[in-house]
Amino acid sequence: GQYSQTGNDTAVYFAQKAIALAIKIKDNKRISNSHSFICNYYSGKTKFSEAYNSLVTYENFTEKSKDTLLIINSLASRAILYRQLNQLDKVIEVERKKAELYHLIKDTLNEAKEYYVIGWTGYNAKFFKEAVIDLHKGRVLCTQLNELHIRHKIYNWLGASYNGLKQFDSALYY
């Protein structure tokens, strides 16, 4: 009975309860995590109107918190929604904002990961030239960090992107 009053699935009901409790104890991270769950849950269920409405609430909360990591998390939920809607140009725009924020807080590893995601998404959107540029940004950061795992993924997508540009020598190199 009590779950049907919410008009949502049970998981969302409990996430909303978690938000209420986290607000009482002023735990911004738990508030953010619960909002993130709701947005991503609705996106995954292709309930895009609900996902968008919960995302707006989530973003309002993170903007007020002025916590960069929480803002990054809300941007991640926006990117998930755009990816579900196959709006890859908007995914790239959001991921660029995340990369900028990681740069501001000097989190070079996550900044490199963002450029990998931007490049991979650009490749999938057939924005090969832009993908190459962003993947090289990530490659440079990975080289500075001596990070191999992400760099190997970047090399793979650099090769694919150069292939998309019909620059076969560069494609083979990477």
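Quick caveat: nothing in here was measured; it's all calculated off a predicted structure.

Conventions we followed
Residues numbered from 1 in each chain as written. Predicted model: local features only at pLDDT ≥ 70, side-chain atom pairs only at ≥ 80, totals over all residues. Heavy atoms only, no water. Helix = DSSP H or I, 4+ residues; strand = E, 2+ residues; numbered from the N terminus. Contact = heavy atoms within 4.5 Å. Areas by Shrake-Rupley, 256 points an atom, 1.4 Å probe, with all protein chains shown as cover. Salt bridge = Lys/Arg side-chain N within 4 Å of Asp/Glu carboxyl O. Buried < 20%, exposed > 50% of the residue type's maximum accessible area, 1.4 Å probe, protein only. Axes fitted to C-alpha atoms, helices over the stretch in contact; angles between N-to-C directions. Parallel < 35°, antiparallel > 145°, perpendicular 65-115°, else oblique. Left-handed = near helix turned anticlockwise from the far one by under 90°. Nonpolar A, V, L, I, M, F, W, Y, C, P; charged D, E, K, R; others polar.

Q: So what exactly am I meant to see when it comes to the overall build of the chain here?
A: Counting secondary structure elements, the chain contains nine helices and zero strands. Taken from the N to the C terminus, the helices and strands of the chain come in the order α-α-α-α-α-α-α-α-α. Projected onto its principal axes, the C-alpha coordinates of the chain cover approximately 65 × 30 × 25 Å. Contacts in the chain between residues at least 24 apart in sequence constitute 46% of all its contacts with a sequence separation of at least 6. Here the chain displays about 10100 Å² of accessible surface, and carbon together with sulfur accounts for 53% of that area.

Q: Looking at this structure, I do not really get the pattern of salt bridges. What am I missing?
A: Two side chains bearing opposite charge may form a pair once their charged atoms approach each other closely. Using the criterion set out here, one finds six salt bridges in the structure. For Asp 134, the salt bridge goes to Arg 96, with nearest N and O atoms at 2.8 Å. Placement of Asp 134 in helix α7 (residues 128-145) and of Arg 96 in helix α5 (residues 88-104) is noted, with a sequence separation of 38 residues between them. Residue classification places Asp 134 among the buried positions, given a relative accessible area of 2%. The structure contains a network of salt bridges with shared partners spanning Glu 95, Lys 98 and Glu 114.

Q: Explain the environment of Thr 121 here, please?
A: Checked against the element boundaries, Thr 121 lands in helix α6 (residues 108-124). Separated by 47 residues in sequence, Thr 121 and Phe 168 have C-alpha atoms that sit 21 Å apart. Excluding its chain neighbours within four sequence positions, the residues that come into contact with Thr 121 are Arg 83, Leu 88, Val 91 and Ile 92.

Q: How do you make sense of the packing of helix α2 (residues 28-44) against helix α3 (residues 48-65) when you look at a structure like this?
A: Two quantities define a packed helix pair, namely the angle between the helix axes and the distance between the axes. Between α2 and α3, the shortest axis-to-axis distance is 8 Å and the interhelical angle comes to 160°. The orientation of α2 with respect to α3, classified from their angle, is roughly antiparallel. Judged by the sense of rotation from one axis to the other, the crossing of α2 with α3 is left-handed. In this structure, α2 uses Asn 28, Ile 31, Ser 32, His 35, Ser 36, Ile 38, Cys 39, Tyr 42 and Ser 43 to contact α3, whose residues at the interface are Phe 48, Glu 50, Ala 51, Ser 54, Leu 55, Thr 57, Tyr 58, Phe 61 and Ser 65. Here the contact of α2 with α3 is built from residues that sort into nine nonpolar, eight polar and one charged.

Q: What should I look at first to understand unusual backbone geometry in this one?
A: Across residues other than glycine, the phi torsion is negative in most instances, and most of the peptide bonds are trans. Within the chain, Lys 66 stands out as a residue other than glycine whose phi angle is a positive 60°. Mapping Lys 66 onto the fold places it in the loop between α3 and α4 (68-84). For Lys 66, a relative accessible area of 69% corresponds to the exposed category.

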